Amino acid sequence: MNEINIIPKPTNMIIGEGSFKITEQTVIESDSKLREVAKYFKDLLLPATGFNLVITDPKTDSTKSNIIYLKLNGKLDVLSEEGYSLRINQERIVISAPKAIGIFYGIQTIRQLLPIEVEEVEKRKNIEWIIPSIEIKDYPRFPWRGYMLDEGRHFLGKEAVKHILNLMALFKMNVFHWHLTEDQGWRIEIKKYPLLTEVGSKRAKTQIGGFLSKKMDTTPHEGYYTQEEIKEIISYADKLFIKIIPEIDIPGHSKAALAAYPKFSCTGGPFQVSTTFGIKKDVFCVGKEITFEFLNNALDEIVRLFPSNIIHIGGDEVPKKRWKKCSDCQERIKRENLQNEKELQKYFTNRIKKYLSSHGRRIMGWNQILNDKSSNEIIAQKWLFGKKIIKNHLINGGNVVFSQFGNIYLDYSYKRTSLSKAYYYEPVPKKLHQDYHNNILGIEAPMWTEWVRNVRELDWQTFPRLIAIAESNWTPKEQKNYKSFTNRLDYLLKRLDILGVNYAQKQEYQPTFIKKLFGFLTIFKEPKRSSLYIKNAK
Ligand code: ACM
Ligand code: ZN
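Residues numbered from 1 in each chain as written. Chains lettered and ligands numbered in written order. Predicted model: local features only at pLDDT ≥ 70, side-chain atom pairs only at ≥ 80, totals over all residues. Heavy atoms only, no water.

Engineer: Even after reading the chapter, I still don't get the nonpolar core, so can you show me in this structure?
Structural biologist: One recurring pattern in soluble globular proteins is that nonpolar side chains are buried together. Residues I22, Y147, F176, W178, F306, I352 and L496 are the most contacted members of the largest nonpolar core, which totals 150 residues. Aside from chain neighbours lying at most four places away, what touches L496 is L167, L170, F171, I467, V501 and Y503. The next biggest cluster of nonpolar side chains, apart from the first, holds eight residues, and it includes W144, I310, M364 and L441. (Core = buried A, V, L, I, M, F, W, Y, C linked by side-chain atoms within 4.5 Å. Buried < 20%, exposed > 50% of the residue type's maximum accessible area, 1.4 Å probe, protein only. Contact = heavy atoms within 4.5 Å.)

Structural data, given as structure tokens:
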């Protein structure tokens, strides 16, 4: 019998006796509205089992056995929009849920209850496709279970994105935050401004070794997504019930855009796409009206492309040095009666917010875009400082996604941020009154890619830490237990071996006390990754 090792741990679970066996004759009965999910399930089982299961309408004859029944049930909305109920006995499996997404998560649970060989791409003989009897009622703690991928620093390409999306689905994660622009690269086609990608998606060389290093890799780096490719990925994610939130990081972190169009800067340039990392002082000029025309036009294309009702505009790390010396910026400050350059960023955020709002979209940004009087329409992403402002924002009815850098930034070494540290991260601020807890959307783990150049390195940084964060986002706080988590993880990692995931090894993700003690020293350096890459990694 397979062990029961589900991650994230279900909210309610009663283990029964016996098991259900999937055979060639098993029938998937599905409500008509669930055909796409039923097809997903069938396709999931097909390669390894070789069973081409039949999908039919639900039959009234409830005595038939060897049935997997997918059923919508609006009355189950007590389980929340994304919850599901799963009943497995010898005769049948019933997944019921208020929405298709719950059925999808029920399927992911079944997937984790099946032998790990179900992940193989070739047919496996001599395996019994047995699922233990169990009753589960399950729903997430938070509605925003996110992962952020920075493709500005390194363009990884659509196969890497699909690989991550597939794994997110396995852990019931539902938000892919796509950081598409940076000082080091602009990665999305904007038809009105072709130089953004002709110039902005290429750099001559790249800093290696860490933020303080003078070493350069002299291989040119380039890449961007066409709008057609973006649509393809949105549609791929949609089938996995993952929302894609695009981020166009402005007015800072924009050197690649300014290399293409220097007239939107304060000094007029010229600039090059950055080849080193860190914070750059050249940012968009907020004094010039043409900057807003340009950004509005670019955002028009973003809004047309992405169905997401939320658009992330970054807003982090904006040095004010250029604005202080720029006559256009200073004139704007005077004309708008602003106190200083900090208020100029507030003015900028407000204009972009209004623009997005006129397109029916909500603005999101890193917590630096907030101030004492921020509108509660803003979704803030907390990563550094701003504890009090964040708490006030929640009390005023604003929403917050939590991404505290020291706890869950996936670019850090495991010595700095071990698996247990990531697992124990608790987003709800202490002493925040219960009434405001619902304004917290959830946890999102950012994957910055200064030192990540390919899928192997991406996997290494991401896994298994992302799996810990998936559990924190789903499982009730009082049910979380690190020991139980790592026991289940040992089993789950065997599944990731089959899926070709190059996760970090145990001696790496659970560093010794001494290594952790000096872990903070690694933050300026490239993480050292052990040579223990798994054999079939991508
Ligand atoms: C950030 O890490 N600059 C949001
Ligand atoms: Zn300016």
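Engineer: Would you take a moment to explain the pairing of strand β16 (residues 243-247) for this structure?
Structural biologist: Working note: regular strand, side chains alternate between the two faces of the sheet. Counting buried residues along β16, four of its five residues qualify, which places the element largely inside the surrounding structure. As paired strands, strand β9 (residues 175-179) and β16 are joined by five bridges and run parallel to one another. The partner of F176 across the bridge, within β16, is I244. (Helix = DSSP H or I, 4+ residues; strand = E, 2+ residues; numbered from the N terminus. Pairing = 2+ DSSP bridges.)

Engineer: Would you take a moment to explain the coordination of the zinc ion (ligand 2) for this structure?
Structural biologist: Any two of four tetrahedral donors ideally make an angle of 109.5 degrees at the metal, while pairs among six octahedral donors ideally make 90 or 180 degrees. Taken together, the protein donors to the zinc ion (ligand 2) comprise C266 (SG), C285 (SG), C326 (SG) and C329 (SG), at separations of 2.3 Å. Its four donor atoms give the zinc ion (ligand 2) angles of 106 to 113° at the centre, a pattern that matches the tetrahedral case. Expressed as a motif, the donor residue spacing for the zinc ion (ligand 2) is C-x18-C-x40-C-x2-C. Residue C266 is located in the loop between α6 (255-260) and α7 (289-305), and its partner C326 is located in the loop between α8 (321-325) and α9 (327-335); the two are separated by 60 residues in the primary sequence. Taken individually, C266 and C326 each receive the classification buried, so the pair is uniform in this respect. (Donors = N, O, S within 2.8 Å, 3.2 Å for Na, K, Ca; no water. Tetrahedral: all angles 85-135°; square planar, octahedral: opposite > 155°, others 65-115°.)

Engineer: What's the story with the sheet that holds strand β3 (residues 54-56) in this structure? I'm lost.
Structural biologist: Within a sheet, each strand pairs with its neighbour through backbone hydrogen bonds, oriented either parallel or antiparallel. Spatially, β1-β7-β5-β6-β4-β2-β3 is the arrangement adopted by the seven strands of the open sheet, whose pairing is mixed. Each having just a single partner strand, β1 (12-21) and β3 make up the two edges of the open sheet. This sheet shows a mean twist of 20° between the axes of neighbouring strands, independent of strand direction. Both strand β2 (residues 27-30) and strand β4 (residues 67-72) contribute to a ladder of four bridges, which runs parallel. Within β4, the residue paired with E29 across the bridge is Y69. (Axes fitted to C-alpha atoms, helices over the stretch in contact; angles between N-to-C directions.)

Honestly, that's just the spatial picture; any functional story needs more than this.
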